[in-house]
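Here's the letter readout for the chains.
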Amino acid sequence: MTDRAAAFGNPDLGVEQALADLEREKRKLREVSRIWEEGTTTVRSKDNSFSMTFDGRGELTDLTFNGSKYRSLPPAQLAHLIIETLRQGRNQAVAKVQEVMGTGRRPSLDFAGIASGKVDPMEMVNSLLGPMLEGFGLAEGETGKGEEERRKNG
């Protein structure tokens, strides 16, 4: 039986499932908050001429040049190494969050997308609460139906 079928057959099952999903996601979000506050990721450039440190949110917090090798690099090559290392570090930092969050039961929960600004947090909330709202006949697009019918009937 799917979540949707369970919600329509027994609204309490839909509510219970939505609340369990919500609690599970809240635990994950607490862990993500910890990573954001305490986590760091350090990566080295391919040629080891510098390293970059990122906070738990994937923001660059430190750039350290190792020796003077970077001075002998052509500017275009140094710029390429900086951009490449920056991407690598951000991806690793976001991957730590994604590892905690996993893919979840619902494919619309993309926490790496939220962290990077590519996903709307309200879509995530709606996907968590959707089954509970369906159980009450209040799923997206249905919220006005009951009011509409009340006006028609009377």
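Scroll up a little and you will see the structure.
These numbers come from a predicted model, not from an experiment.

Chemist: Explain helix H3 (residues 75–101) to me, and be specific about the residues and the numbers.
Modeler: Here H3 is 27 residues long and its end C-alpha atoms lie 39 Å apart, about the 39 Å a rise of 1.5 Å per residue gives. All buried positions along H3 are accounted for by Leu78, Leu81, Thr85, Gly89, Ala93, Val97 and Met101. One or two positions beyond H3, positive phi appears at glycine 102, with a value near 65°.

Chemist: Outline the packing of aromatic side chains, listing residues and values.
Modeler: Counted according to the given criterion, the structure contains two aromatic pairs. Arranged with centres 4.2 Å apart and planes meeting at 35°, the rings of phenylalanine 65 and tyrosine 70 form a pair that is tilted. Pairwise contacts between aromatic rings join Phe50, Phe65 and Tyr70 into one cluster.

Chemist: Please provide a residue-by-residue account of the nonpolar core, values included.
Modeler: If you look at the biggest cluster of nonpolar residues, it comprises eight residues: Val43, Phe50, Met52, Phe54, Tyr70, Leu73, Leu78 and Leu81. Mapped by element, the contributors of at least two residues to this core are strand E2 (50–55) and H3. Counting residues per element, this core draws most heavily on E2, at three residues. Contacts of leucine 73, omitting those with residues within four sequence positions, involve Asp47, Ser49, Leu78 and Leu81.

Chemist: Give a detailed account of the pattern of salt bridges, specifying residues and quantitative values.
Modeler: Scanning all chains against the criterion turns up six salt bridges. Linking lysine 26 and glutamate 23 is a salt bridge whose minimum nitrogen-to-oxygen distance equals 3.7 Å. With lysine 26 and glutamate 23 both in helix H2 (residues 11–38), this residue pair falls three residues apart, about one helical turn. We classify glutamate 23 as partly exposed; its relative accessible area is 31%. One salt bridge in this structure joins arginine 34 and glutamate 31, with 2.6 Å as the shortest N-O distance. Residue arginine 34 and its partner glutamate 31 are located together in helix H2, separated by three residues, close to a single helical turn. With relative accessibility at 28%, the residue glutamate 31 sits in the partly exposed group. Through salt bridges with shared partners, a single ionic network connects Glu23, Lys26 and Arg30.

Chemist: Tell me about the sheet that holds strand E3 (residues 60–65), residues and numbers included.
Modeler: Spatially, the three strands line up as an open sheet ordered E1-E2-E3, and their pairing is antiparallel. Since the sheet does not close on itself, it has two edges, and those belong to strand E1 (40–44) and E3, each with one partner. Direction aside, the axes of adjacent strands within the sheet are offset by 15° on average. Contacts from H3 reach E1, E2 and E3, with the element oriented near 35° to E2.

Rules used in this analysis
Residues numbered from 1 in each chain as written. Predicted model: local features only at pLDDT ≥ 70, side-chain atom pairs only at ≥ 80, totals over all residues. Heavy atoms only, no water. Helix = DSSP H or I, 4+ residues; strand = E, 2+ residues; numbered from the N terminus. Expected span 1.5 Å × (residues − 1). Buried < 20%, exposed > 50% of the residue type's maximum accessible area, 1.4 Å probe, protein only. Phe/Tyr/Trp six-rings, centres within 6.5 Å; stacked < 30°, edge-to-face > 60°. Core = buried A, V, L, I, M, F, W, Y, C linked by side-chain atoms within 4.5 Å. Contact = heavy atoms within 4.5 Å. Salt bridge = Lys/Arg side-chain N within 4 Å of Asp/Glu carboxyl O. Pairing = 2+ DSSP bridges. Axes fitted to C-alpha atoms, helices over the stretch in contact; angles between N-to-C directions.

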